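Descriptive analysis of the structure
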Amino acid sequence: MAAEDRRLQSNNLKVESQESSMNDNHCHHHELMGGEEVVVTVDWRGRPSNPAKHGGMKAASFVLGLQSFEIMAIAAVGNNLITYVINEMHFSLSKSANIVTNFIGTVFLLALVGGYLSDSYLGCFWTMLIFGFVELSGFILLSVQAHLSQLKPPPCTNNNNTAVGEYCEEAKGFKSLIFFIALYLVALGSGCVKPNMIAHGADQFNPADNPKQSKKLSSYFNAAYFAFSVGELIALTLLVWVQTHSGMDVGFGISAAVMAVGLICLVSGTLYYRNKPPQRGIFTPIAQVFVAAILKRKQVCPSNPHLLHGSQINVLNDNSALSSDIDPVLHSGKFRFLDKACIKMEDGTNTKESPWRLCTVTQVQQVKILLSVIPIFASTIVFNTILAQLQTFSVQQGSAMDTQLTKSFHIPPASLQAIPYIILIFLVPVYDTFFVPFARKLTGQESGVSPLQRIGAGLFFATFSMISAAVMEQKRREAAVMSNKTLSIFWITPQFLIFGLSEMLTAVGLIEFFYKQSLKGRMQAFLTAVTYCSYSFGFYLSSLLVSLVNKITSSSSSTGGWLSDNDLNRDRLDLFYWLLAGLSFLNFLNYLFWAKWYSHSTPSSSSSQQDHYRYGTTAAAATANHAHNLP
């Protein structure tokens, strides 16, 4: 008994020493429970968070405020940017479209940088705060340039010697430099903020501690997309109206003010946040798998996967296997070459192999998950290329139509992009309240339909959005050229309505799909950022398509390319829309192939998660019993 008392006293001293070190240094944010590393969320002072005081929907609501205001600020700029670039900077239509799509594409690509910095070095809160101020500085600089005539090219002048009747000098040199610096400060800030808003909000819930938190987490994701839609809607109606009637300088200034309010919301919740500390080197375990697999490429994988290092059987029987990198998961048969990284060399000694030569099944499975979702991710790129058209050419399409709603009120063409978000504000609650319970009875799935099915349905409807756009543009052009009539702007609303339904299915489905691929909570911000890359590549593909179509059609026609003029009555935007409709349908067929491959080669989500929790719980219990029986 005396020995037992001494052992318990020694253990208590160790625990007290660990807690003291954590509180004093604010740098030790990981504890070992049963030999397994557990990430400890902390408060703003670096102390372990208190579930009674920190986290929950109250804390997440401050993040939702930032999300709504941030998207409001950047959407007001991005969605009406093409009008500013053409009318104030005097760039051509095709060049202006590329400037806008490159800008938006860069925003989403930089989300990867924000996710990496957050997970590895800064944490979500500090990443949002630092780059939020970077984004704010970009808005301010844009507003200053739009206000000062010295920083813009001179207004267009009448010139009867030109075919178009006026001469417009394109922005060059210092004026162009100021514009692009301001634009890409916004891109850098917004890109790094975006993935961390969703990840930090989700960090406020911990389903592992309380099963009710799982439902609240699901509600948070719905609330996050609802906040996103509300921000977009206000930006595309009220703020775009201000830009149109009060000037772009006032509009950019309001975006700066709105972003400042969003940052105030973020800071206001500081006392309530559960902060997940950064974990250095989030890519190191992934790199170790590839290096170890290459080094052991000549080895033969055992027929029984339980013989692999760190497998479920080994986890239960070998306490040493429960290192900080292990969180037992179900082994899959995909990419079997990578399994060679788990082969333990038997040389008759107990020499421990380097982690660059021997990995666990969990590490390998994490890499397999990342590789498996790449085709799914790639299949949504064309979908976002279509989104790019709604933010560029469709705005110009609306500008060439009758925008009058009443005798004194005209609809800003950029506000047409608000239509999908009006649909989303109504459809998302209806979908969750009525469709999901009904579909759940038919399919037996908690979410009604699987994320892959939801993405596929969205990609299918996106094709009809472009078909509608092509038909309406052909009708508009024929009326303008043949009959000298101007159609009402409401003729092009169907393409926005259809895309609203498509986006609700595809965008939310993609977020849900990647959320279910999360890896032990180690890369949540980065994985969220990956979903934004689909937007980035989609907008870059749009720029590439515009340039290629112009080049090919210009060389094969004496009248110029489909998109070579700033006059839509001379251009053939309808043919470009038909091309996108064809690409969209081919992309849908491509998606069906990869979705089927993923479903057939991956254990079902429900069963794999159940096995994951079962084995994880059993392993923890076995480790606890083993520790209890130690002398």
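Definitions and limits used
The residue count restarts for each chain, going from 1 along the sequence in the order it is written. It should be noted that, the model being predicted, local features are given only for residues of pLDDT at least 70 and side-chain atom pairs only at 80 or more, the latter also being counted only at that level, while totals for whole chains, interfaces and linings use all residues. Note that the side-chain values use all heavy atoms of the structure and ignore hydrogens as well as water. Secondary structure counts use DSSP, requiring at least four H or I residues in a row for a helix and at least two E residues in a row for a strand, with both numbered from the N terminus. Any residue under 20% of the maximum accessible area for its type is buried, any over 50% is exposed, and the rest in between are partly exposed; the area is computed with a 1.4 Å probe on protein chains only. Contact between two residues is taken to exist if any of their heavy atoms lie within 4.5 Å; hydrogens are not considered. The method behind every accessible area is Shrake-Rupley, applied with a 1.4 Å probe, and residues are considered shielded solely by the protein chains displayed. Expected span, for any helix, means 1.5 Å times one less than how many residues it has. Working definition: rings of Phe, Tyr and Trp (its six-membered ring) pair if their centres are within 6.5 Å, and the pair is stacked with planes under 30 degrees apart, edge-to-face with planes over 60 apart, and tilted otherwise. The criterion is that NZ of a Lys, or CZ of an Arg, lies within 6 Å of the ring centre and within 35 degrees of the ring normal, and then a charge sits over that ring. With axes taken as lines fitted to C-alpha atoms, and helix axes fitted only over the stretch in contact, angles between N-to-C directions fall between 0 and 180 degrees. Roughly parallel means an angle under 35 degrees; roughly antiparallel means over 145; roughly perpendicular covers 65 to 115; every other angle is labelled oblique. Each crossing is labelled by how the near helix is turned from the far one, with a counterclockwise turn of less than a right angle marking it left-handed and a clockwise turn marking it right-handed. Nonpolar cores were defined as sets of buried Ala, Val, Leu, Ile, Met, Phe, Trp, Tyr and Cys residues, with membership established by side-chain atoms within 4.5 Å. In predicted models, pLDDT denotes the confidence assigned by the predictor to each residue on a 0 to 100 scale. Three residue categories are used. Nonpolar comprises Ala, Val, Leu, Ile, Met, Phe, Trp, Tyr, Cys and Pro, charged comprises Asp, Glu, Lys and Arg, and polar comprises the others, including Gly. Patches here are clusters of residues that have more than 30% relative accessible area and form no salt bridge, with a 9 Å joining cutoff for like charges and a 5 Å cutoff for nonpolar side chains (Val, Leu, Ile, Met, Phe, Trp, Tyr). By definition here, a salt bridge exists when the distance from a side-chain nitrogen of Lys or Arg to a carboxyl oxygen of Asp or Glu is within 4 Å. Positive: Lys, Arg. Negative: Asp, Glu. His and the chain ends are not part of the count.

1. Topic: the overall build of the protein
In terms of regular secondary structure, the protein is built from 20 helices and four strands. Counting over 631 residues, the protein shows a buried share of 50%. Sequence separation of at least 24 residues holds for 81% of the intrachain contacts in the protein that already meet a minimum separation of 6. For the protein, the accessible surface area stands at approximately 29000 Å², while carbon and sulfur atoms represent 62% of it.

2. Topic: helix H2 (residues 56-78)
Helix length check: H2, at 23 residues, gives a terminal C-alpha distance of 33 Å against a target of 33 Å (1.5 Å per residue), a fit within 8%. Of all 23 residues in H2, 18 are buried; the element is thus mostly enclosed.

3. A short note on the packing of aromatic side chains
The final tally for this structure, using the stated rule, is 27 aromatic pairs. Each ring, one from Tyr532 and one from Tyr535, has its centre 6.3 Å from the other, and the planes form 35°; the classification is tilted. With Tyr532 and Tyr535 both in helix H18 (residues 524-555), this residue pair falls three residues apart, about one helical turn. Exposure class is identical for Tyr532 and Tyr535. Each is buried. Pairwise contacts between aromatic rings join Phe460, Phe461, Phe464, Phe585 and Phe588 into one cluster. Of note, Lys475 hangs over the ring of Trp491, and the distance from its end group to the ring centre comes to 5.0 Å.

4. Side note on the packing of helix H4 (residues 93-109) against H18
Direction vectors running N to C along H4 and H18 enclose 160°, while the axes themselves pass 7 Å from each other. Classified by the interaxial angle, the pair formed by H4 and H18 is roughly antiparallel. Crossing hand, H4 versus H18: left-handed. Each of Ser94, Asn98, Thr101, Asn102, Ile104, Gly105, Thr106, Phe108 and Leu109 in H4 lies in contact with H18, whose residues at this interface are Tyr532, Cys533, Tyr535, Ser536, Phe537, Phe539, Tyr540, Ser542, Ser543, Val546, Ser547 and Asn550.

5. Here we look at the nonpolar core
Within the largest apolar cluster, 145 residues are counted, with the highest numbers of intra-cluster contacts made by Phe103, Phe179, Tyr220, Phe393 and Phe576. The element contributing the most residues to this core is H2, with 12 residues. Leaving out residues up to four positions away in the same chain, Tyr220 has contacts with Met57, Ala60, Val63, Leu64, Met197, Ile198, Gly201, Ala202 and Phe205.

6. Some details on unusual backbone geometry
Residues other than glycine seldom take positive phi values, yet Asn484 does so here, at roughly 55°. Locating Asn484 in the fold gives a position in the loop between helix H16 (451-482) and helix H17 (493-515).

7. Some points on the confidence of the model for the protein
The predicted coordinates ought not to be read in detail in places where the model reports low pLDDT. Per-residue confidence for the protein gives a mean pLDDT of 77; residues scoring 70 or more make up 77%. Within the protein, the element-level pLDDT minimum falls on helix H20 (residues 605-628), averaging 39, and the maximum on helix H6 (residues 124-147), averaging 93. In the model, residues 6-38 has pLDDT below 50 throughout and makes 44 contacts with residues more than four positions away in sequence or in other chains.

8. So, the packing of H2 against helix H7 (residues 173-202)
Two elements in contact, H2 and H7, have axes whose closest approach is 10 Å; the angle formed by their N-to-C orientations is 150°. Relative to H7, the element H2 is oriented roughly antiparallel. The two elements H2 and H7 meet at a crossing, and its hand is left-handed. Residue-level contacts link Ala60, Val63, Leu66, Gln67, Glu70, Ile71 and Ile74 of H2 to Val186, Ser190, Val193, Lys194, Met197, Ile198, His200 and Gly201 of H7. Of the residues assigned to the contact of H2 with H7, the class counts are nine nonpolar, four polar and two charged.

9. A word on the side chain of Ser465
Mapping Ser465 onto the fold places it in helix H16. Setting aside chain neighbours within four positions, we find Ser465 in contact with Gln495, Ile498 and Phe499.

10. Digging into helix H5 (residues 111-122)
In this model, H5 (12 residues) spans only 14 Å end to end at C-alpha, well below the 16 Å of a helix rising 1.5 Å per residue. Those residues of H5 not exposed but buried are Ala111, Gly114, Gly115, Ser118, Asp119 and Ser120. Where the residues of H5 are buried, they touch H4, H6, H7 and H18. Following H5 by one or two positions, Gly123 has its phi on the positive side, about 85°.

11. A few points about a nonpolar patch on the surface
A surface patch of nonpolar side chains, about 670 Å² in accessible area, is lined by Phe460, Phe464, Leu579, Leu583, Phe585, Leu586, Leu589 and Leu592. Elements represented by at least two residues in the nonpolar patch include exactly H16 and helix H19 (573-601). Sort the elements by how many residues they give to the nonpolar patch and H19 lands first, with six residues. As for its placement among the helices and strands, Phe464 is situated in helix H16. On the basis of relative accessible area, Phe464 is assigned to the partly exposed category, the value being 38%.

12. Quick look at the environment of Ala529
Structurally, Ala529 can be placed in helix H18. Distance from Ala529 to Ala199, taken between C-alpha atoms, is 9.4 Å for residues 330 residues apart in sequence. Among residues more than four places away in sequence, those in contact with Ala529 are Ala111, Leu112, Gly115 and Pro195.

13. Focus: the side chain of Glu503
Topologically, Glu503 is positioned in helix H17. Buried Glu503, no salt bridge; nearest opposite-charge side chain is Lys194, N-O distance 11 Å. Excluding its chain neighbours within four sequence positions, the residues that come into contact with Glu503 are Tyr225, Phe383, Pro420, Tyr421, Leu424, Val508 and Tyr535.

14. Some details on the pattern of salt bridges
Inspection of every chain in the model, using the stated rule, returns six salt bridges. Arg476 is the salt-bridge partner of Glu473, the closest N and O atoms lying 3.0 Å from each other. With a gap of three residues between them, Glu473 and Arg476 both fall in helix H16, about one helical turn apart. Classification of Glu473 by relative accessible area gives buried; the value is 0%. When the shortest N-O distance is used, the salt bridge between Arg572 and Asp574 registers 3.0 Å. A relative accessible area of 28% means that Arg572 is categorised as partly exposed.

15. Here we look at the environment of Phe103
If you trace the backbone, Phe103 turns up in helix H4. Here Phe103 falls in the buried class, since its relative accessible area comes to 1%. The spacing of Phe103 and Ala187 is 84 residues in sequence and 6.7 Å in space, taken between C-alpha atoms. In contact with Phe103, not counting residues within four places along its chain, are Ile74, Gly78, Leu81, Leu183, Tyr184, Val186 and Ala187.

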